[in-house]
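Results of the structural survey
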Amino acid sequence: MQKNTQCVHSGSRIDPATGGLNTPVYPSSAFRYLDMAENVYPRYYNTPNQKTVVEKLCDLEGAEGGILFSSGMAAISAMMLAFLNSGDHAVIQKDIYGGTHHFVSADFKRFGIEFTFTGNSTQEIEAAVRPDTRLIYIETPSNPLLMITDIQAAADIGRRRGIVTAIDNTFASPINQNPLGLGIDVVIHSGTKYIGGHSDLCCGAALGRAKEITRIKRTAVNLGGSLNALTCYLLERSLKTLAVRVERQNANAMAIAEFLARHPFVRRVNYPGLESHPAHAIARRQMWGFGGMLSFEVDERQVTCDRFLRRLKMVTPALSLGGVETIICAPAATSHAKLTPAERAQLGISEGLLRLSVGIEDAEDILSDIAQALSR
Ligand SMILES: Cc1ncc(COP(=O)(O)O)c(C=O)c1O
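As the structure is a computational prediction, the values presented were derived from the model and not from experiment.

1. Examining the domain arrangement of the protein chain
You can read the domains of the protein chain as domain 1 (3-239) and domain 2 (243-374). The C-alpha centroid of domain 2 is placed 25 Å from the C-alpha centroid of domain 1. Counting from both sides, the interface comprises 41 residues of domain 1 and, opposite them, 44 residues of domain 2. Overall, the association of domain 1 and domain 2 removes approximately 3,200 Å² of surface from exposure, summing both partners, and the carbon and sulfur fraction of that is 58%.

As structure tokens, then:
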């Protein structure tokens, strides 16, 4: 089955009682156990609605197994704590979602876990590896600079050295990029973003081979960040249109990136689909589509960021990303606000950087709103 078909059909079950086409919602938190194959419980990550969504995501990512969490950070923290013990070392790409960066820099020391933040070139990742490294963690395209990491090269380093490799695939979604097929061991999603897609739910997922997923589940059962049946149902409903939404977002984002790249008041555009992107060739090799996320810097001598944001009429300054509506934010004030100004400067996240999450509206309407807000 191809992606659109998987989105609609994988995992979903016809209601056996009524013949209804949608998977019924099973809200029970207590399940009979006598003569059952396994003990079913929400925090064991094995309720019927959790399993339905996991099956769909596994087909979309080419995974053997998966776990659904109540947020992307629940997935990231459970995965990291599953593979890292006190005394271990982790190699972490430094241009990543601010919450992940903050978890590593604020909490790893308390657990006795050492880490090296690294640039995203293959050479920098390899150079950061030590004999006690147990995890290589990358994010591509990265939040918020849309940097591209060579996924296969990172996976190869892990395989050669016997180190688990994990990737945050949130920005690409399973429609634009499938890292397990390139050799990565674990794929993470903040499902709050594209997978949910309507800015109305919070969830996360970890997907991979059965061996790695079993290991993560052992830790996740104790940490307890499971997802409830109603949100699972909403997620299943959203997943049915994931490919349609993402294909549209890819096309809209390309049109907007080209427009911004030509605009005299824009200093720089970060979008992997532009030939001017330094890693465009790698993105072309490892992505089916370039995604709906881009970031840019306006020339503040012409238009200040604040004025630009306040003049937008349809595009909304808001947190989060990946929804059907186009939203925009300044990472320094939102996703990366917990980092110190020095940490942000070191990553290249300026106060004037704006991150755009392109929705499914008509491209002309998004463009004309941005154009009017950018005018003097
Ligand atoms: C790339 C990326 N990964 C992970 C997360 C964390 O996800 P959540 O907010 O669902 O915990 C985010 C949230 O913005 C994100 O953008």
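That covers the picture; the talk isn't over yet.
2. Side note on the site of the ligand
With respect to spatial proximity, 14 residues lie near the ligand, and among them Gly 72, Met 73, Asp 168, Thr 192 and Lys 193 are the closest. In the environment of the ligand, an oxygen atom lies 2.8 Å from a nitrogen or oxygen atom belonging to the backbone of Gly 72. At 3.1 Å, a side-chain N or O of Asn 143 approaches an oxygen atom of the ligand. Against a free-state accessible area of 390 Å², the protein chains account for coverage of 90% of the ligand. The cavity that encloses the ligand is the largest pocket. Looking at which element gives the most residues to the shell around the ligand, the answer is helix 3 (residues 72-83), with three residues. Here the shell around the ligand is built from residues that sort into five nonpolar, six polar and three charged.

3. Here we look at the sheet that holds strand 1 (residues 65-69)
Taking strand neighbours across the sheet as the criterion, the seven strands line up as 1-7-6-5-4-2-3 in an open arrangement whose pairing is mixed. Strand pairing shows two members of the sheet lacking a second neighbour, strand 1 and strand 3 (114-118), which therefore form its edges. Sheet twist, expressed as the mean angle between neighbouring strand axes with direction ignored, is 20°. Judged from the five bridges that link them, strand 4 (residues 133-139) and strand 5 (residues 164-168) form a sheet pairing that is parallel. Along strand 5, the bridge assignment pairs Ile 136 with Thr 165. Along the sheet, helix 8 (residues 210-223) contacts strand 1, strand 6 (186-190) and strand 7 (204-208); its crossing angle with strand 1, the most-contacted strand, is approximately 30°.

4. Some words on helix 8
Between its first and last C-alpha atoms helix 8 spans 20 Å; for 14 residues at 1.5 Å apiece the expected length is 20 Å, and the two agree. Restricting attention to buried positions, one finds in helix 8 the residues Glu 212, Ile 213, Ile 216, Thr 219 and Ala 220. Immediately beyond the C-terminal end of helix 8, within one or two residues, lies Gly 224, with a positive phi of roughly 80°.

5. Overview of the packing of aromatic side chains
A complete count under the given rule lists six aromatic pairs for this structure. With centroids separated by 5.5 Å and ring planes inclined at 85°, the aromatic side chains of Phe 103 and Phe 108 adopt a geometry described as edge-to-face. When its relative accessible area of 11% is taken as the criterion, Phe 103 is described as buried. Between Phe 115 and Phe 117 the ring centres are 5.3 Å apart and the planes differ by 65°, which places this aromatic pair in the edge-to-face class. Classification of Phe 117 by relative accessible area gives partly exposed; the value is 25%. Here the aromatic cluster, defined as three or more aromatic residues joined through ring pairs, consists of Phe 103, Phe 108, Phe 115 and Phe 117.

6. Some points on helix 2 (residues 48-61)
In a regular helix each residue adds 1.5 Å, so 14 residues correspond to 20 Å; helix 2 covers 20 Å between its end C-alpha atoms and thus fits that length. Within the sequence span of helix 2, burial applies to Asn 49, Gln 50, Thr 52, Val 53, Val 54, Lys 56, Leu 57, Cys 58, Leu 60 and Glu 61. The positive-phi residue at the C-terminal boundary of helix 2 is Gly 62, with phi of around 70°.

7. Re the packing of helix 10 (residues 242-262) against helix 14 (residues 363-374)
At their nearest, the axes of helix 10 and helix 14 sit 10 Å apart, and the two run at 30° to each other. Relative to helix 14, the element helix 10 is oriented roughly parallel. Crossing of helix 10 against helix 14: the hand is right-handed. Here Asn 252, Ala 255, Ile 256, Phe 259 and Leu 260 of helix 10 come into contact with helix 14, specifically with Ala 363, Ile 366, Leu 367, Ile 370, Ala 371 and Leu 374. Among the residues forming the contact of helix 10 with helix 14, the class breakdown is ten nonpolar, one polar and no charged.

8. Details of the sheet that holds strand 10 (residues 316-317)
Spatially, five strands are ordered 8-9-12-11-10 in an open sheet, and the strand pairing comes out mixed. Two strands bound the open sheet, and with one partner strand each, they are strand 8 (266-270) and strand 10. Pairing of strand 8 with strand 9 (residues 293-298) involves four bridges; the strand directions are antiparallel. Looking across to strand 9, one finds that Val 266 is bridged to Val 298. Packing of helix 10 onto the sheet brings it into contact with strand 8, strand 9 and strand 12 (353-357), and relative to strand 9 it is tilted by some 15°.

Conventions and cut-offs
Residues numbered from 1 in each chain as written. Predicted model: local features only at pLDDT ≥ 70, side-chain atom pairs only at ≥ 80, totals over all residues. Heavy atoms only, no water. Domains from an automatic or database assignment. Contact = heavy atoms within 4.5 Å. Buried area = accessible area lost by both parts, 1.4 Å probe. Near = heavy atom within 4 Å. Polar contact = N/O pair within 3.5 Å; in protein donor to acceptor, adjacent residues only side chain to side chain. Areas by Shrake-Rupley, 256 points an atom, 1.4 Å probe, with all protein chains shown as cover. 1 Å grid on protein atoms, 1.4 Å probe; cavity = no way out; pocket = protein on both sides within 12 Å on 5 of 7 lines; lining within 4 Å. Sits in = over half its atoms within 2 Å of the grid points. Helix = DSSP H or I, 4+ residues; strand = E, 2+ residues; numbered from the N terminus. Nonpolar A, V, L, I, M, F, W, Y, C, P; charged D, E, K, R; others polar. Pairing = 2+ DSSP bridges. Axes fitted to C-alpha atoms, helices over the stretch in contact; angles between N-to-C directions. Expected span 1.5 Å × (residues − 1). Buried < 20%, exposed > 50% of the residue type's maximum accessible area, 1.4 Å probe, protein only. Phe/Tyr/Trp six-rings, centres within 6.5 Å; stacked < 30°, edge-to-face > 60°. Parallel < 35°, antiparallel > 145°, perpendicular 65-115°, else oblique. Left-handed = near helix turned anticlockwise from the far one by under 90°.

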